[in-house]
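Letter by letter, the chains look like this.
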Amino acid sequence: MRDSDQDQIVPASTASSAATGDDEVYTSSTVSTPLLESGGSDECNRAALKADPEFFAIVQAVEHAIAGNVLPTIIAQGSSGSYFARNIDNEIVGVFKPKNEEPYGPLNPKWTKWFQKCLCPCCFGRACLVPNQGYLSEAGASMVDTALQLNVVPKTKVVRLVSSSFHYSSFDRARANVVKSASERFPDSIGKHMRQGLPAKAGSFQLFVKGFKDAYVVLKTLDWKTLDEEVAEDFLFQFQKLVILDYIIRNTDRGNDNWLIRQEKDETGKTIKLTIAAIDNGLAFPLKHPDNWRAYPYHWSWLDIAKKPFSDKVAEQVLPLLEDDDFVEEIADHLLILFAQDPGFSMALYEQQMGVMRGQILNLKSALKKRDFQGIARRESPVELVAYPSAKVILQRDRDRSSTLTSIRDSFLRRGRRYKQIIQSKVPFFKNW
């Protein structure tokens, strides 16, 4: 998220009262139970967070702030329930997006999607995406970004948090109040044995980035002619890394208002550095290429900078990694572990998602290689890349029905992997929407 969003922040007291009404709600933070709960996959999640001490410390700071009644505040923008998470000093340190408050989630506090579902059900949702897994998509984009060392996505992981400022059902709030009352009356029985407070919400937690604005705001005022060559080349390098990320994960929601630019100037007002941050990655990893009404195009492909061929620098960083099938399958394996956290996880749908990702990587590898264009050896440009046919590459696995998640990694054929490539012929009705 960007600093400009802070103008639309709901004050903590307002957000709390709007979410809870007049009744006090008993939250688990008031009885010192952990917000990142233990047990099962949650224990693995917490262990993974502890492997990143800096990230874990920020999440703990948010937990302590909630316990001190410095609550997350809902973000006015967007069509889902997403929240600015704060530390005890009321400083925004992250953005939390709960699974059940996603655009098509059952507890989405905003009315936009409800109206769409009621008034235009034929256009409700995105048929190419696995429903209500945006929080995993956010974390998966960060995972791919880290694996390829792109460094354009603010670090994002799956966590579990609880706060009375989140949107809960009336049943959960009533239950929390009943348990509170019973625990106070019978502290030696009910108070010891019943889980108290509101249930924790699983969601994506993305570190907050400061000083950034929407890309279209910066680009429409940026004077390219005044930029030093070094600044322009560095920005091109970052932009092409954004392109690579979006293309690999097939981001279906990359407008020029949900990637950010921080513009740094010297005392004379001259731009000396431009930094890109790719936020809002929750509508990626489709199980098929868009083929219904909308094409969900990459809006950056309409920029002049997208007409420039991929640079040697970005190709030399990314291409050797993508050429390594073991590396690509390792990314797929890590995504499998991530996606399998969801209660509605389907191995069949995951295979389709990875098929799309491998197809995108196949096209990207071709675009990053130099070839002769009218006597000039160059790589292709992002504009040329998005014109490639939509491909799927399915990995043919040999495993029986009793295979478990832990055995998937070792299920490849010993004689080498077999892939099946599929070119999608069906195209969306609207190609630019």
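Above: the structure in question.
Now for a quick tour of the structure.

Criteria and cut-off values
Residues numbered from 1 in each chain as written. Predicted model: local features only at pLDDT ≥ 70, side-chain atom pairs only at ≥ 80, totals over all residues. Heavy atoms only, no water. Helix = DSSP H or I, 4+ residues; strand = E, 2+ residues; numbered from the N terminus. Expected span 1.5 Å × (residues − 1). Buried < 20%, exposed > 50% of the residue type's maximum accessible area, 1.4 Å probe, protein only. Core = buried A, V, L, I, M, F, W, Y, C linked by side-chain atoms within 4.5 Å. Contact = heavy atoms within 4.5 Å. Phe/Tyr/Trp six-rings, centres within 6.5 Å; stacked < 30°, edge-to-face > 60°. Pairing = 2+ DSSP bridges. Axes fitted to C-alpha atoms, helices over the stretch in contact; angles between N-to-C directions. Parallel < 35°, antiparallel > 145°, perpendicular 65-115°, else oblique. Nonpolar A, V, L, I, M, F, W, Y, C, P; charged D, E, K, R; others polar.

**Comments concerning helix α12 (residues 347-368)**
A turn of α-helix holds 3.6 residues, and therefore any two residues three or four places apart point the same way.
Stage number 1. In this model, α12 (22 residues) spans 31 Å end to end at C-alpha, consistent with the 32 Å of a helix rising 1.5 Å per residue.
Stage number 2. In terms of burial, α12 is largely enclosed, as 16 of its 22 residues are buried.

**Digging into the nonpolar core**
Proteins that are soluble and globular tend to have nonpolar side chains buried together.
Stage number 1. Formed by 62 residues in total, the largest nonpolar core has its most connected members in Phe239, Ile244, Ile248, Trp259, Ile261, Phe285 and Met357.
Stage number 2. Where this core is concerned, the elements lending two or more residues are α5 (134-147), α8 (215-219), α9 (229-249), β7 (259-265), β8 (271-278), α10 (312-322), α11 (325-339) and α12.
Stage number 3. Counting residues per element, this core draws most heavily on α9, at twelve residues.
Stage number 4. Ignoring anything within four residues of it in the chain, the contact list for Ile248 reads Val144, Leu148, Leu322, Met357, Gln360, Ile361 and Leu364.
Stage number 5. Grouped together as the second largest cluster of nonpolar side chains are 19 residues, Ala85, Val159, Val162 and Ala176 included.

**Re the packing of aromatic side chains**
To describe a pair of aromatic rings, one takes the distance between the centres and the angle between the planes.
Stage number 1. Counting across every chain of the model gives eleven aromatic pairs.
Stage number 2. When the centroid spacing of 6.0 Å and the interplanar angle of 50° are considered together, the rings of Phe239 and Trp259 count as tilted. In this pair, Phe239 sits in helix α9 while Trp259 sits in strand β7, placing the two residues 20 residues apart along the sequence. Accessibility assignment for this pair places Phe239 and Trp259 in one class, buried.
Stage number 3. Consider the rings of Phe239 and Trp300, whose centres lie 6.3 Å apart with planes at 90°: the pair is edge-to-face. With Phe239 in helix α9 and Trp300 in the loop between β8 and α10, this residue pair connects regions lying 61 residues apart in the sequence.

**Some details on the environment of Val162**
Stage number 1. Residue placement: Val162 occurs in the loop between β4 (156-161) and α6 (170-185).
Stage number 2. It is 8.9 Å that separates the C-alpha atoms of Val162 and Ala202, two residues lying 40 residues apart in sequence.

**Description of the pairing of strand β5 (residues 201-207)**
Stage number 1. Judged by how many residues are buried, β5 sits mostly within the fold: seven of seven residues are covered.
Stage number 2. Pairing analysis gives five bridges linking strand β3 (residues 92-98) to β5, with the strands arranged antiparallel. Opposite Val95, over in β5, you have Gln206 as the bridge partner.
Stage number 3. In this sheet, β5 lies alongside β4 in antiparallel orientation, the contact comprising six bridges. By the bridge assignment for β5, Lys157 is matched with Phe205.

**Looking at the sheet that holds β4**
Stage number 1. Read from one edge to the other, the open sheet built from five strands follows the order β1-β2-β3-β5-β4, with strand pairing classed as antiparallel. At either margin of the open sheet sits one strand with a lone partner, and together these are β1 (73-74) and β4.
Stage number 2. Sheet strands in contact with α5 are β3, β4 and β5, and its direction is about 145° off that of β4.

**Things to note about the packing of α9 against α12**
Stage number 1. At a minimum axis distance of 7 Å, the contact between α9 and α12 shows a crossing angle of 140°. On the basis of their axis angle, the class for α9 and α12 is oblique. Contacts from Ile244, Tyr247 and Ile248 in α9 reach Met357, Gln360, Ile361, Asn363 and Leu364 in α12.
Stage number 2. Grouping the amino acids of the contact of α9 with α12 by side-chain chemistry returns six nonpolar, two polar and no charged.

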